[in-house]
Amino acid sequence: YSPNAVRYYGTGFPTADREAFALANKVRNKPDAVVTAYRAVPNDEKITSINQGDWVTLSKDYAKTHGESALGGNYKIISEKVKAKELYTNADSIHEFGYWPSGLLGD
């Protein structure tokens, strides 16, 4: 949460890093705060929502980067409003969270 977070823990995606760290500070100690979760998915009209257990990001810029690389540019970005407490991380990236809707993990 320090002002040096981007410098110390940034991932090399400057815009995405700034977005993610700013949002982390904004929702700190506010588990019910609503945030927008983004996910790059294959460009398939049947894919319309984020599902339980999906990996998501809080940075639209990072989702775009993922779509360009991992999905070869054939992607779309979907988003959903979720509570901060519904996102879980194993703390190896400020950009990647598992989405577990409220009530599924005993909260």
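Everything below is about the structure printed above this text.
The following paragraphs examine the structure supplied in this document.

Calculation criteria
- Residues numbered from 1 in each chain as written.
- Predicted model: local features only at pLDDT ≥ 70, side-chain atom pairs only at ≥ 80, totals over all residues.
- Heavy atoms only, no water.
- Core = buried A, V, L, I, M, F, W, Y, C linked by side-chain atoms within 4.5 Å.
- Buried < 20%, exposed > 50% of the residue type's maximum accessible area, 1.4 Å probe, protein only.
- Helix = DSSP H or I, 4+ residues; strand = E, 2+ residues; numbered from the N terminus.
- Contact = heavy atoms within 4.5 Å.
- 1 Å grid on protein atoms, 1.4 Å probe; cavity = no way out; pocket = protein on both sides within 12 Å on 5 of 7 lines; lining within 4 Å.
- Points joined across faces, edges and corners; volume = space filled by probe spheres on them.
- Nonpolar A, V, L, I, M, F, W, Y, C, P; charged D, E, K, R; others polar.
- Polar contact = N/O pair within 3.5 Å; in protein donor to acceptor, adjacent residues only side chain to side chain.
- Salt bridge = Lys/Arg side-chain N within 4 Å of Asp/Glu carboxyl O.
- Phe/Tyr/Trp six-rings, centres within 6.5 Å; stacked < 30°, edge-to-face > 60°.
- Pairing = 2+ DSSP bridges.

With respect to the nonpolar core
Grouped burial of nonpolar side chains is what soluble globular proteins tend to show.
Move 1: Ranked by internal contacts, the top residues of the largest apolar core, which has 15 residues, are V35, V56 and L87.
Move 2: Listing elements by their share of this core, those giving two or more residues are α2 (14–27), β1 (34–42), β3 (75–83) and β5 (97–99).
Move 3: Here the element with the most residues in this core is β1; it accounts for three residues.
Move 4: Apart from the residues within four sequence positions on either side, V56 is in contact with A37, Y38, R39, I50, L87, H95, E96, F97 and Y99.

Examining the layout of surface pockets
Move 1: In this model, the second largest pocket occupies a volume close to 150 Å³.
Move 2: Around the second largest pocket, the lining residues are Y38, R39, A40, W55, V56, T57, Y62, A63, H66, H95 and E96.
Move 3: Looking at the lining of the second largest pocket, the elements with two or more residues in it are β1, β2 (55–56) and α3 (60–70).
Move 4: Of the residues belonging to the lining of the second largest pocket, the class tally is six nonpolar, three polar and two charged.

Thoughts on the side chain of T57
Move 1: Secondary-structure assignment places T57 in the loop between β2 and α3.
Move 2: Residue classification places T57 among the buried residues on the basis of a relative accessible area of 4%.
Move 3: Of note is the side chain of T57, whose polar atom sits 3.2 Å from the backbone nitrogen of S59.

Looking at the pattern of salt bridges
Here the idea is simple: oppositely charged side chains can pair when their charged atoms come close.
Move 1: Inspection of every chain in the model, using the stated rule, returns three salt bridges.
Move 2: Put simply, D32 and K83 hold a salt bridge, and the shortest N to O gap is 3.9 Å. One end of the pair, D32, is in the loop between α2 and β1; the other, K83, is in strand β3, with 51 residues separating them in the sequence.
Move 3: D32 gets classed as partly exposed once you look at its relative accessible area, which sits at 44%.
Move 4: Relative accessible area serves as the criterion here: at 33%, K83 is assigned to the partly exposed category.

Topic: the environment of Y38
Move 1: Here Y38 lies in strand β1.
Move 2: Setting aside anything within four residues of it in sequence, one finds Y38 in contact with V56, T57, L58, S59, K60, A63, I77, I78 and S79.

Some words on the packing of aromatic side chains
Move 1: Applying the stated rule across the entire model yields one aromatic pair.
Move 2: Note on F13 and Y62: the rings are 5.6 Å apart at their centroids and 85° apart in plane angle, and the pair reads as edge-to-face. With F13 in the loop between α1 (5–9) and α2 and Y62 in helix α3, the pair connects residues that are 49 residues apart, well separated along the chain.
Move 3: For F13, a relative accessible area of 31% puts it in the partly exposed group.

Some words on the sheet that holds β5
Move 1: Spatial ordering of the open sheet is given by β2-β5-β4, a layout of three strands whose pairing is antiparallel. Since the sheet does not close on itself, it has two edges, and those belong to β2 and β4 (87–88), each with one partner.
Move 2: Here β2 pairs with β5 via two bridges, running antiparallel. Counterpart to V56 in the pairing with β5 is F97.

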